[in-house]
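The chain contents come next:
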Amino acid sequence: MISEARCVLAVPLTAPSTLWEFTHIRRTEQQQKLFVLTPPAPPAAAVPDESPEEHLIGLILSLFLRPLVAVRSRARGALPAPFQSWQVTAQALAAAGFFPGEDPGPGALMGFDQEGRALLLATSRTSVRACLRAASRYLAPDEGLY
């Protein structure tokens, strides 16, 4: 599926399957398709207005991603926190042959160059849509896909 995908989005998780996926992506030289999204900082007292698309994407992620993490974790007999620290993710990336770099902080989007070096594409993003825009600009800077 990775070879047919336009991009692969990952969040900081600790799981053997995550390491396998990172390793597979690197071995098959598809590292430029990988994007790691770090969780956004906790919202301030005032919540910014969301577009309908942002609300839908957030709803899909909350309804799909978090339960999927919980199901996968329960199947392994453990229930870790849904999102792990950057250090844990960086260790998995390094074990797979990537060069993850420094902690990008909350709300960041990391991409990777041909050699597997981390590229900070966006910081302090508060919505999935903003991260997708940054990924789109990296994948096709002249097309403006999103």
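Structure shown above.
Let us look at the structure shown here.

Definitions and limits used
Residues numbered from 1 in each chain as written. Predicted model: local features only at pLDDT ≥ 70, side-chain atom pairs only at ≥ 80, totals over all residues. Heavy atoms only, no water. Phe/Tyr/Trp six-rings, centres within 6.5 Å; stacked < 30°, edge-to-face > 60°. Helix = DSSP H or I, 4+ residues; strand = E, 2+ residues; numbered from the N terminus. Buried < 20%, exposed > 50% of the residue type's maximum accessible area, 1.4 Å probe, protein only. Expected span 1.5 Å × (residues − 1). Arc of directions from axis to C-beta. Contact = heavy atoms within 4.5 Å.

### So, the packing of aromatic side chains
- Considering all chains together, one arrives at three aromatic pairs under this definition.
- When the centroid spacing of 5.8 Å and the interplanar angle of 85° are considered together, the rings of F35 and Y138 count as edge-to-face. Residue F35 is located in strand β2 (residues 34–37), and its partner Y138 is located in helix α4 (residues 128–139); the two are separated by 103 residues in the primary sequence.
- Overall, the relative accessible area of 0% leaves F35 in the buried class.
- For Y138, a relative accessible area of 24% translates into the label partly exposed.
- Here the aromatic rings of F98 and F112 are separated by 4.9 Å at their centres, their planes lie at 65°, and the arrangement is edge-to-face. Here the residue F98 occupies a position in the loop between α3 (86–95) and β3 (109–112), and F112 occupies one in strand β3, the gap between them amounting to 14 residues.

### Side note on helix α1 (residues 16–27)
- Relative to the 16 Å expected for twelve residues at 1.5 Å per residue, α1 spans 16 Å between its end C-alpha atoms, a close match to the ideal helical length.
- Looking only at α1, the buried set comprises T18, F22, T23, I25 and R26. The arc enclosing the buried residues of α1, seen along the axis, measures out at 160°, which places them on a common side. Of the exposed residues in α1, the ones pointing more than 90 degrees away from its buried face are P16, W20 and R27.
- For α1, the elements touching its buried residues are β1 (8–10), β2 and α3.
- Where α1 ends, the next residue or the one after it, E29, has phi of about 55°, a positive value.

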